[in-house]
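Summary of structural features
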Amino acid sequence: MSSGQTSEPWRVGVLFSQSGFMAVIEETQLRGTLTAIDEINANGGVNGRPLEPVIYDPGSEARAFGRYARKLMIEDGVSTMFGCYTSSSRRAVLPVVERLNGLLWYPTLYEGFEFSPNVIYTGAAPNQNSVELCRLLMEAYGRRFFFIGSDYVYPRESNRIMGELVRNSGGEVVGERYLRLNADRSEFQPLMREVKAAQPDVIFSTVVGDSTVFLYQTYHDFGFNPKVVPIASLTTTEAEIQAMGFDVGEGHLTGAPYFQGIGNDRNSSFVELYKKRYGDDQSTNMCLEAAYFQVHIFAKTLEQTNSIDTEIMRTSVMGSEFDAPQGNIAVNPVCGHTDLWTRVGRANRQGQFDLVYESSSRVKADPYLIGYSRNLAYA
Ligand code: ACM
């Protein structure tokens, strides 16, 4: 039966952790996904057919993402899926979608240096967050960086790039430490003693999940001053700030394409819609926003193709523009990543980020850093 003659739902897979140490951020990506799906369905679905999410909870375990991706494609007959925060979970899903020809929509910043015809990347690549954050930190705070990350592929690879930028621009990495993914609070105490001894100008964090809360709380307990030695991060969003406490997060910096507080009309209606659904005390964040807009890009493409076939969808989505809450964005046809905005924010007492930098237009995705000299010209 052709899709024009049916009202059967379009089934799509959704894989975000609702339990375990990554739920603090992945739960918000699930919410962003469902907010978009419900919005689309309330407007009649896509060509008269509703979107039907098939949702699994991989429980913060990377291998479970791979297992559920396979289940989605083999048992549930799903070819398109939205999901994954950590790069280890994306890497567990990759062989599944590549072998079975599925399409993963991945709404999270990551380390770059990857291309798959079976993935649409809608989070920031390093040229869209690390480069400008590094420049700003060196100008405003100094050249001595201490790197702290969770121990898995994203922080190590992201720090390889950040380290190169820092060193090639006349700076110094005075420490580099990784803690296990679900490290508890006590594990941050010896680390903070080490940071104190190293006397950095900036602590650069790629810690993710619940551990983020422990990092900032321990920093706070040790009496550091964010005005002097801030924690600068690519992974700390409004969600982690809410979990750690607004007073603990205040003054620290994050590089991201989107913050709730960016203030444009499109974003205001998105924030209003989200708060109506989940409560006035709940904030949007960059990962949630990408999870939201990527479903809309998918639906807009599906409206044209009227086919969920991976090859047809992928060909058609390339070059698509969309008016996202962060601003106008586009799926870059060269690399299947998204041209996004670059911003740096400083957390305030209300748990929101005040903008300290904003690009004048969207920044082309350059996941292999081809257009960058790896040097901020300070050397
Ligand atoms: C990440 O693991 N891509 C944040």
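Let us look at the structure shown here.

About the criteria used
- Residues numbered from 1 in each chain as written.
- Predicted model: local features only at pLDDT ≥ 70, side-chain atom pairs only at ≥ 80, totals over all residues.
- Heavy atoms only, no water.
- Pairing = 2+ DSSP bridges.
- Helix = DSSP H or I, 4+ residues; strand = E, 2+ residues; numbered from the N terminus.
- Axes fitted to C-alpha atoms, helices over the stretch in contact; angles between N-to-C directions.
- Contact = heavy atoms within 4.5 Å.
- Parallel < 35°, antiparallel > 145°, perpendicular 65-115°, else oblique.
- Left-handed = near helix turned anticlockwise from the far one by under 90°.
- Buried < 20%, exposed > 50% of the residue type's maximum accessible area, 1.4 Å probe, protein only.

**Observations regarding the sheet that holds strand 8 (residues 202-206)**
- The strand order 7-6-8-9-10-14-15 describes an open sheet built from seven strands, whose pairing is mixed. The sheet is open, and its two borders are formed by strand 7 (172-179) and strand 15 (353-358), each paired with just one other strand. Going across the sheet, the axis of each strand differs from the next one's by a mean of 25°, ignoring polarity.
- Judged from the five bridges that link them, strand 14 (residues 343-347) and strand 15 form a sheet pairing that is antiparallel. Note on strand 15: the bridge partner recorded for Gly 345 is Leu 355.
- Together, strand 6 (144-150), strand 7 and strand 8 form the strand contacts of helix 6 (residues 188-198), whose direction differs from that of strand 6 by roughly 165°.

**A word on the packing of helix 2 (residues 62-74) against helix 3 (residues 87-100)**
- Remark: helix 2 packs on helix 3, axes separated minimally by 7 Å, with the N-to-C direction vectors making an angle of 25°. Relative to helix 3, the element helix 2 is oriented roughly parallel. Where helix 2 crosses over helix 3, the handedness of that crossing is right-handed. Across the interface between the two elements, Ala 62, Phe 65, Gly 66, Ala 69, Arg 70, Met 73 and Ile 74 from helix 2 touch Ser 88, Ser 89, Ala 92, Val 93, Val 96, Val 97, Arg 99 and Leu 100 from helix 3.

**Quick look at unusual backbone geometry**
- Non-glycine residue Gln 199 carries a positive phi angle of around 50°.
- If you trace the backbone, Gln 199 turns up in the loop between helix 6 and strand 8.
- Although it is not a glycine, Asn 306 adopts a positive phi angle of roughly 50°.
- The topology assignment puts Asn 306 in the loop between helix 11 (286-305) and helix 12 (310-317).
- Judged by its relative accessible area of 22%, Asn 306 falls in the partly exposed class.

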